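Report on the structure
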Amino acid sequence: MNFSNYVIPAIIAIVFTAGLIKKVDVFAVFLDGVKDGAKTITEIFPALFCLMLAVGVVKSSGAAAMFADLLAPITNLIGFPKEVLPLAVLRPFSGSGSIAVYEGILKDNGADSFASRVASAIIGSSETTFYTLAVYFAATKVKKTRYALPAALCGDFAVFVLGVLFVRMTLG
Amino acid sequence: MMKYVITAMLLVGIAVGFANGGAAEVSASIISSGEDTIALAITLAGIICLWSGVMSVAKEAGIIGLLSKAFAPVLSKLFKGLDVKGKAFGYITLNIISNMLGMGNASTPFGLMAMKELEKEEHSGDTATPNMILFVIMNTASLQLLPATMAALRLKHGSVTPLDVLPAVWLTSIGALTVAILAAKLFQSLKKPTDKVV
């Protein structure tokens, strides 16, 4: 089932073979690439650190859970399952955290329940917005990200509303 | 923008933690954040160096050029004014392909390379260009065709039909990406790049 088990080794084989055919010094060029990669990681490290600190505080303090409780009356209006709210709140901030919450939902409600399906739709159709935003811009000298965050959050909000809607439409 | 987000997260978290009697947990998470970041950075460094190395070979071998050409008809409509033969366009193409295939985190290294090239080609200085923002937004949404982690976890927890949500996932992804891109276009038209924006 896992397609990527074949994809990655195949890519490596194709790239090195194509390189040799085109008379590229694949060894030297690969080393240059690795050098650039090492530079990139040192550039994004500070942003990563700051984000991990802030996410850690939000998660460990219980603020994420509290925020989910506050939202419950509003989200009940669109029929959003309240079991899934903590996931919706955490998803934009933390990849590993939201996966842990997702597993909790699957375990508590049964993997084929409505709540689990909505949670699956959210996990499958969203990314950790703040992480992506912070890390991608940290690779550049950009300080003013302008409307990037508001637009990305509009997308996240759409995931929650559409996730419920489409799970109901396709699975009843 | 990020300075307010980060400060708000820290202050709200600390306030809630103190009010709930969770000061010990908050303190522990602050102390371990350095260690956690280093662990994450080491994982990331491995992946980034790997793909950065492989892709510099692919670039020299002309593979990236071929892929860019194949995706150019669609992507050039989204990324206006970007040189289809440029490096940025090539890395954007790779990032999108690896996102769609769910290829073991390869999308992040390609994404970072694309951002660096966009910075050079569009002379962004300290202000994000519309193409940069569009590209980041596409990465904050999900383009993955087969969400393997989700399917594996559902299976692990006893789902009979772990892939029954796929149509809903695809429709939600497409819908959310459309909303995010439209929102970006709207915000862009509201505020000109020359305006002072936080």
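This part is about the domain arrangement of chain B. Residue and element names in this part refer to chain B. By the assigned domains, chain B splits into domain 1 (28-130) and domain 2 (141-198). With centres defined by C-alpha atoms, the gap from domain 1 to domain 2 works out at 19 Å. Domain 1 puts six residues into the contact, and the matching count from domain 2 is seven residues. Both faces combined, the contact of domain 1 with domain 2 buries some 550 Å², and carbon together with sulfur accounts for 67% of it. Our enumeration of links across domain 1 and domain 2 arrives at zero salt bridges. Linking domain 1 to domain 2 there are one residue pair in polar contact (both at pLDDT 80 or more).

Take the environment of Leu143 of chain B next. All names here are of chain B. Looking at the element boundaries, Leu143 is found in the loop between α6 (130-140) and α7 (148-156). In the structure, Leu143 is positioned 47 residues away from Ile96 in sequence and 7.5 Å away in space, judged by C-alpha atoms. Dropping the residues within four chain positions of it, Leu143 is found in contact with Ile96, Asn99, Met100, Met138 and Leu177.

Backbone geometry at Lys23 of chain A places phi at a positive 60 degrees, although glycine is not the residue there. Relative to the helices and strands, Lys23 of chain A is located in the loop between α1 (4-21) and α2 (26-61). Take Lys23 of chain A: its relative accessible area is 76%, and that puts it in the exposed class. Positive phi is not limited to glycine here, since His123 of chain B has a value of about 45 degrees. Mapped onto the secondary structure, His123 of chain B falls in the loop between α5 (107-122) and α6.

Further remarks concern the interface of chain A and chain B. If you look at the interface, chain A gives 92 residues, while chain B gives 101 residues. Surface buried jointly by chain A and chain B totals about 8,200 Å² across both partners, of which 76% is contributed by carbon and sulfur atoms. Area buried by chain A at its contact with chain B is led by Tyr136, Arg146 and Tyr147 of chain A, which between them contribute 11% of it. Scanning the region where chain A abuts chain B turns up five salt bridges. In this structure, the salt-bridge partner of Glu103 of chain A is Lys156 of chain B, at a minimum N-O distance of 2.9 Å. Connecting chain A to chain B are 25 residue pairs in polar contact (both at pLDDT 80 or more). For the side of chain A that touches chain B, the secondary-structure elements that each account for two or more residues are α1, α2, α3 (63-76), α5 (95-109), α6 (114-124), α7 (129-138) and α8 (148-171) of chain A. Among the elements that line the side of chain A that touches chain B, the one with the most residues is α2 of chain A, at 26 residues. For the side of chain A that touches chain B, the per-class residue count stands at 59 nonpolar, 20 polar and 13 charged.

This part takes up the packing of helix α2 (residues 23-60) of chain B against α5 of chain B. Residues and elements named next belong to chain B. One way to put it is that α2 packs onto α5 with a least axis distance of 8 Å and a crossing angle of 65 degrees. The pairing of α2 with α5 is recorded here as roughly perpendicular in orientation. Considering only the axes of α2 and α5, their crossing is right-handed. Between α2, through Leu44, Ile47, Ile48, Trp51, Ser52 and Met55, and α5, the contact on the second element is made entirely by Thr108, Pro109, Phe110, Leu112 and Met113. Across the contact of α2 with α5, the residue classes tally to nine nonpolar, two polar and no charged.

A contiguous nonpolar surface patch, about 430 Å² in accessible area, is contributed by Leu145, Leu146, Leu163, Trp170 and Ile174 of chain B. Along the chain, Leu145 of chain B falls in the loop between α6 and α7.

This part takes up the side chain of Ser173 of chain B. Within the secondary structure, Ser173 of chain B sits in helix α8 (residues 166-190). Taking relative accessible area as the criterion, Ser173 of chain B reaches 8% and is therefore assigned buried. The residues touching Ser173 of chain B, leaving out its near neighbours within four places in the chain, are Gly124 and Ser125 of chain A together with Ser142 of chain B.

Looking now at the nonpolar core. Counting 113 residues, the largest nonpolar core has Phe80, Val84 and Phe137 of chain A together with Ile92 of chain B as its most contacted members. Per-element accounting of this core gives the leading share, eleven residues, to α8 of chain A. In this structure Phe80 of chain A touches Thr75, Leu85, Ala88, Val118, Ile122, Phe160 and Val164 of chain A, once residues within four positions along its chain are discounted.

The subject of this paragraph is the confidence of the model for chain A. With 98% of its residues at a pLDDT of at least 70, chain A reaches an overall mean of 91. Of all helices and strands in chain A, the one with the weakest mean pLDDT is α3 of chain A (86), whereas α6 of chain A scores best (96).

This part is about α8 of chain A. In this model, α8 of chain A (24 residues) spans 33 Å end to end at C-alpha, consistent with the 34 Å of a helix rising 1.5 Å per residue. Of the residues trailing α8 of chain A, Gly172 of chain A is marked for its positive phi of about 70 degrees.

Conventions used here
Residues numbered from 1 in each chain as written. Chains lettered and ligands numbered in written order. Predicted model: local features only at pLDDT ≥ 70, side-chain atom pairs only at ≥ 80, totals over all residues. Heavy atoms only, no water. Domains from an automatic or database assignment. Contact = heavy atoms within 4.5 Å. Buried area = accessible area lost by both parts, 1.4 Å probe. Salt bridge = Lys/Arg side-chain N within 4 Å of Asp/Glu carboxyl O. Polar contact = N/O pair within 3.5 Å; in protein donor to acceptor, adjacent residues only side chain to side chain. Helix = DSSP H or I, 4+ residues; strand = E, 2+ residues; numbered from the N terminus. Buried < 20%, exposed > 50% of the residue type's maximum accessible area, 1.4 Å probe, protein only. Nonpolar A, V, L, I, M, F, W, Y, C, P; charged D, E, K, R; others polar. Axes fitted to C-alpha atoms, helices over the stretch in contact; angles between N-to-C directions. Parallel < 35°, antiparallel > 145°, perpendicular 65-115°, else oblique. Left-handed = near helix turned anticlockwise from the far one by under 90°. Patch = residues over 30% accessible without salt bridge, like charges linked within 9 Å, V, L, I, M, F, W, Y side chains within 5 Å. Areas by Shrake-Rupley, 256 points an atom, 1.4 Å probe, with all protein chains shown as cover. Core = buried A, V, L, I, M, F, W, Y, C linked by side-chain atoms within 4.5 Å. pLDDT = per-residue confidence, 0-100. Expected span 1.5 Å × (residues − 1).

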